[in-house]
Amino acid sequence: MSEKKMNSSRRHHLKSLMLSIAANWIQQEKKDLITAKEAYMAENCPKQSLSGDQAALMEACKKLHAIIDKVDEDRYDLESKVAKADKEIEDLRIKLVDVAGVKKPALKKVRMSADAMLKALLGSKHTVNMDLRANLKQVKKEVKEEPSEAVGDWRKNIEDKADRKKMFETS
């Protein structure tokens, strides 16, 4: 069975149908969300009757303040739990990187002279010539000649060294 390509008009028609269905779903979700909010508010926050004397109103205000305090405590507790969980997640990520290691990308070999590198880094300000061999000093190698006296009488040489040894021992 061969697969046929869909022609553009059919594809466009199907795409528009999918978009319209998705738009309807989004509108329905918004309506459901609004009704859920209204139901929650009706259940948890009943309408307050503001009729009555001042003592009844003061009592209603005290109840509202107690509820607000309880909600603030719960919010603070949840924020601290979330912060602790976030810190733990970050620590685990760091451990994961430590265990797995950071993979360094392979560096490409670039054939560029030092002058070209400096020109690329410094731009037109580059005037220094990096021909390092031109700045080196020329050193002439001298051949050492051994003095002919060293080849002389070896007994005399030993006597001189013995005198030096006595000199160090006396001091």
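Residues numbered from 1 in each chain as written. Predicted model: local features only at pLDDT ≥ 70, side-chain atom pairs only at ≥ 80, totals over all residues. Heavy atoms only, no water.

Overview of the overall build of the protein chain
As a reminder, the rule being used: Labels follow the DSSP assignment, with helices taken as runs of H or I lasting at least four residues and strands as runs of E lasting at least two, numbered in each case from the N terminus. Classification of residues uses two cut-offs on accessible area relative to the type maximum, computed with a 1.4 Å probe and protein chains only: under 20% is buried, over 50% is exposed, and between them is partly exposed. The protein chains shown are the only cover counted for residues, whose accessible areas, like all others here, come from Shrake-Rupley with a 1.4 Å probe.
A tally of regular secondary structure across the protein chain gives four helices and zero strands. When the helices and strands of the protein chain are read in sequence order from the N terminus, they spell out α-α-α-α. Taken across its 171 residues, the protein chain has 1% of its residues classed as buried. Surface accessibility of the protein chain: about 18400 Å² in total, with carbon and sulfur atoms responsible for 59%.

What about a nonpolar patch on the surface?
Cut-off, in case you're wondering: Without a salt bridge and with relative accessible area above 30%, a residue can belong to a patch; like charges are then joined within 9 Å and nonpolar side chains (Val, Leu, Ile, Met, Phe, Trp, Tyr) within 5 Å. By convention in these notes, a salt bridge is any Lys or Arg side-chain nitrogen within 4 Å of a carboxyl oxygen on Asp or Glu.
Taken together, the side chains of Leu 64, Ile 67 and Val 71 make up a nonpolar region of the molecular surface, amounting to roughly 260 Å² of accessible area. Tracing the backbone through its elements, the reader meets Leu 64 in helix H2 (residues 54-100).

Side note on the pattern of salt bridges
For the structure on display, the rule yields five salt bridges. In this structure, Lys 70 engages Asp 74 in a salt bridge whose closest nitrogen and oxygen atoms are separated by 3.5 Å. Of this pair, Lys 70 and Asp 74 both sit in helix H2, separated by four residues, roughly a single helical turn. Residue classification places Lys 70 among the exposed positions, given a relative accessible area of 51%. For Asp 74, a relative accessible area of 36% corresponds to the partly exposed category. Among the salt bridges present, the one from Glu 90 reaches Arg 93, with a minimum N-O distance of 3.9 Å.

Digging into H2
Going by this rule: Take the number of residues in a helix, subtract one, and multiply by 1.5 Å to get its expected span.
In a regular helix each residue adds 1.5 Å, so 47 residues correspond to 69 Å; H2 covers 68 Å between its end C-alpha atoms and thus fits that length. Of the residues one or two after H2, Gly 101 is the one with positive phi, at around 80 degrees.

As for the confidence of the model for the protein chain
In plain terms, the rule: Per residue, pLDDT measures the predictor's confidence, with a range of 0 to 100.
Averaged over every residue, the pLDDT of the protein chain is 82; residues scoring 70 or more account for 80%. Here helix H4 (residues 154-170) stands out as the element of the protein chain with the lowest mean pLDDT, 69, in contrast to helix H1 (residues 8-44), whose mean of 94 is the highest.

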